[in-house]
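Single-letter residue listing:
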Amino acid sequence: MRIYKAKDYKDMSRKAANMLSAQVIMKPNCVLGLATGSSPVGTYDQLVEWYKKGDLDFSEVTSVNLDEYKGLDAENDQSYRYFMNQHLFTRVNINPGRTYLPNGMEMDEAAECRRYSALIHELGGIDMQLLGLGHNGHIGFNEPGAAFEKDVHCVQLTETTINANKRFFASAEDVPKKAYTMGIKTIMQAKKIVVIVSGADKAEIVKKAFFGPVTPQVPASILQMHNDVTLIADEAALSLI
Ligand code: GLP
């Protein structure tokens, strides 16, 4: 594992965008695994800036996102499809037909998990997966205790995650209770993984995930076993290392 220490959120975002853009430049028809949350927003902004300057071309890129809430459609401003359209897809020249997320409106869970997992397989796998890190060590929506061998599946969100996300909804009742997510196995099959972490509130979990024992109780700890992981974290997030 490589660790890059960034000065702050902006520097972390610039470093992460640099890795993603190198991937796109070296292999224009690559498959990017993308993430949502506050962590990647700055990375996407930086990619858009370079695209506008004419330094980046997304026309041959395919993207697959980590997760999506079950029950939210693309028009819902809390859906991850909406987030991706807002922060990246409508701001660069990626082909909208080649941007994939799980379909939150598919009620047949088994069918949707099969479809999304087959899709990733048919695309030839993920060249570079971008990941944020949850406070409890979750990646995607793989909460503590998630089995390492899971592929795409539908999860019951934990109380902690529902509470953490309720600020974005009218009430806790409105927060979806389930989500589709790539499993740990899907994530571990990505050829390269880039994890971005910012802020002192993540310092404890960075220490546990990357320097503690590998355990399903800290889902991100499995990343220690991947042969091409880059952690880009700011000084605050690395303050306990
Ligand atoms: C969410 C997402 C994760 C994300 C995590 C951290 O629950 N499903 O993919 O990495 O929370 O979010 P943030 O980057 O806002 O701290």
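Residues numbered from 1 in each chain as written. Predicted model: local features only at pLDDT ≥ 70, side-chain atom pairs only at ≥ 80, totals over all residues. Heavy atoms only, no water.

Under an unreviewed UniProt entry, the name given to the chain is Glucosamine-6-phosphate deaminase, and the organism recorded is Anaerovibrio slackiae. Taken verbatim from the UniProt record of the chain, the Sequence similarities (unreviewed entry) comment is "Belongs to the glucosamine/galactosamine-6-phosphate isomerase family. NagB subfamily." According to the UniProt record, the Pathway (unreviewed entry) comment for the chain reads "Amino-sugar metabolism; N-acetylneuraminate degradation; D-fructose 6-phosphate from N-acetylneuraminate: step 5/5." (UniProt positions renumbered as here; feature names shortened; annotations may be inferred.)

What follows covers the sheet that holds strand S4 (residues 67-69). Taken in spatial order, the three strands line up as S4-S8-S7 in an open sheet, and their pairing is antiparallel. Strands with a single pairing partner mark the edges of an open sheet, and in this sheet they are S4 and strand S7 (153-156). For this sheet the average axis-to-axis angle between neighbouring strands, irrespective of direction, equals 25°. As defined by bridge partners, S7 adjoins strand S8 (residues 178-181) across four bridges and the pair is classed as antiparallel. (Pairing = 2+ DSSP bridges. Helix = DSSP H or I, 4+ residues; strand = E, 2+ residues; numbered from the N terminus. Axes fitted to C-alpha atoms, helices over the stretch in contact; angles between N-to-C directions.)

What follows is about the site of the ligand. Around the ligand sit Gly37, Ser38, Ser39, Asp67, Tyr80, Gly132, Leu133, His138, Gly140, Phe141 and Lys202, and that is every residue in its neighbourhood. Here an oxygen atom of the ligand sits 2.6 Å away from a polar atom, N or O, in the side chain of Ser38. Here a nitrogen atom of the ligand sits 3.2 Å away from a polar atom, N or O, in the main chain of Gly140. Taking 390 Å² as the accessible area of the ligand by itself, protein coverage stands at 89%. When atom positions are compared with the pocket grids, the ligand is found to occupy the largest pocket. (Near = heavy atom within 4 Å. Polar contact = N/O pair within 3.5 Å; in protein donor to acceptor, adjacent residues only side chain to side chain. Areas by Shrake-Rupley, 256 points an atom, 1.4 Å probe, with all protein chains shown as cover. 1 Å grid on protein atoms, 1.4 Å probe; cavity = no way out; pocket = protein on both sides within 12 Å on 5 of 7 lines; lining within 4 Å. Sits in = over half its atoms within 2 Å of the grid points.)

A contiguous nonpolar surface patch, about 370 Å² in accessible area, is contributed by Met1, Ile3, Phe211 and Ile241. Position of Ile3 among the secondary structure elements: in strand S1 (residues 2-6). (Patch = residues over 30% accessible without salt bridge, like charges linked within 9 Å, V, L, I, M, F, W, Y side chains within 5 Å. Salt bridge = Lys/Arg side-chain N within 4 Å of Asp/Glu carboxyl O.)

Before going further, it helps to examine the layout of surface pockets. The volume enclosed by the largest pocket comes to roughly 870 Å³. Looking at the lining of the largest pocket, the elements with two or more residues in it are S4, helix H3 (80-87) and helix H5 (159-165). At five residues, the largest contribution of residues to the lining of the largest pocket is made by H3. Taken as a whole, the second largest pocket holds about 170 Å³ of empty space. Along its surface, the second largest pocket is lined by Ser117, Ile120, His121, Gly124, Gly125, Ile126, Asp151, Thr186, Gln189, Ala190 and Lys191. Per-element tally for the lining of the second largest pocket: the top contributor is helix H4 (residues 109-122), with three residues. By residue class, the composition of the lining of the second largest pocket is three nonpolar, six polar and two charged. (Points joined across faces, edges and corners; volume = space filled by probe spheres on them. Nonpolar A, V, L, I, M, F, W, Y, C, P; charged D, E, K, R; others polar.)

All right, on to the environment of Glu49 then. Looking at where Glu49 falls in the secondary structure, it is placed in helix H2 (residues 41-52). We classify Glu49 as partly exposed; its relative accessible area is 44%. (Buried < 20%, exposed > 50% of the residue type's maximum accessible area, 1.4 Å probe, protein only.)

On to the packing of aromatic side chains, then. Under the counting rule described, the total for this entry stands at five aromatic pairs. Ring geometry for Tyr69 versus Tyr80: centroids 5.0 Å apart, planes at 40°, classification tilted. Placement of the pair is Tyr69 in strand S4 and Tyr80 in helix H3, with a sequence separation of 11 residues. In terms of burial, Tyr69 and Tyr80 fall into one category: buried. Members of the aromatic cluster, joined through ring pairs, are Tyr69, Tyr80, Phe141 and Phe169. (Phe/Tyr/Trp six-rings, centres within 6.5 Å; stacked < 30°, edge-to-face > 60°.)

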